[in-house]
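The primary structure of each chain is shown beneath.
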Amino acid sequence: MLSFSFQRQQGAGILTFSGDISSHHNEDFKSALMISISNSDKVVVNFDEVSAFDRICVQTFCAAVKIAKRLKKELTFSMVAMTEQARHNGLACSIMGCGICGRKGCLLSQSAAMEAMS
């Protein structure tokens, strides 16, 4: 089961997911991301309470990041939780080669590198 909430805090929208984000719940996941982007110029997605996600989730999130950029908005996420779970599940683009991120490399890998530097 997937549940989510959206709150505004300090000028940003906080979108918090809990439960299972998989292909079974992808439409709800995608809708929540798009609604959040339409309601805030900056959205931070909290995946800390997500118990599982799959390749479809990662691809959907990365596509939403690209959409947000085209709309001149920002979509970021709680890096550690998603990055660690993606690595554990073998979902980094260097492994799965989804191609969404383009030549600049995987969003998850870039976020992991930024997290390590901070």
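Just so it is clear, the model here is predicted, and its values are computed rather than measured. The numbering scheme is per chain: residues are counted from 1 as the chain's sequence reads. Residues qualify for local features only when their pLDDT is at least 70, as the model is predicted, and side-chain atom pairs are given and counted only at 80 or more; totals for whole chains, interfaces and linings, by contrast, use all residues. Heavy atoms from the whole structure form the basis of all side-chain values; hydrogens and water molecules are not counted.

## Things to note about the pairing of strand 1 (residues 2-9)
At least two DSSP bridges between two strands are needed for those strands to be called paired. Counting from the N terminus, the helices are the DSSP runs of H or I reaching at least four residues and the strands are the DSSP runs of E reaching at least two. Pairing analysis gives 8 bridges linking strand 1 to strand 2 (residues 12-21), with the strands arranged antiparallel. Counted as the bridge partner of F4 is F17 from strand 2. Following strand 1, the chain reverses through 2 residues before pairing antiparallel with strand 2; Q10 in that reversal takes a positive phi of roughly 50 degrees.

## Some details on the confidence of the model for the protein chain
What pLDDT conveys is the predictor's confidence in a given residue, as a value from 0 to 100. Scored by pLDDT, the protein chain comes out at a mean of 76, with 66% of its residues at no less than 70. Averaged over each element, pLDDT in the protein chain is lowest for helix 4 (residues 93-96) (45) and highest for helix 1 (residues 26-39) (94). Low pLDDT, under 50, characterises residues 93-97; the predicted model gives this stretch 8 contacts beyond four residues in sequence or across chains. By definition, residues are in contact when any of their heavy atoms lie within 4.5 Å.

## Concerning the pattern of salt bridges
Within this document, salt bridges are pairs made up of a side-chain nitrogen of Lys or Arg and a carboxyl oxygen of Asp or Glu, the two lying within 4 Å of each other. For the coordinates displayed, the defined rule picks out 2 salt bridges. Between K30 and E27 there is a salt bridge, with the nearest N and O atoms lying 4.0 Å from each other. Separated by 3 residues within a single helix, K30 and E27 lie in helix 1, roughly one turn from each other. We call a residue buried when its accessible area falls under 20% of the maximum for its residue type, exposed when it is over 50%, and partly exposed in between, using a 1.4 Å probe and counting protein chains only. Judged by its relative accessible area of 52%, E27 is exposed. For K73, the salt bridge is made with D41, and the minimal N-O distance between the two is 3.8 Å. Separated by 32 residues along the polypeptide, K73 in the loop between helix 2 (55-70) and strand 4 (74-77) and D41 in the loop between helix 1 and strand 3 (42-53) bring together distant segments of the chain.

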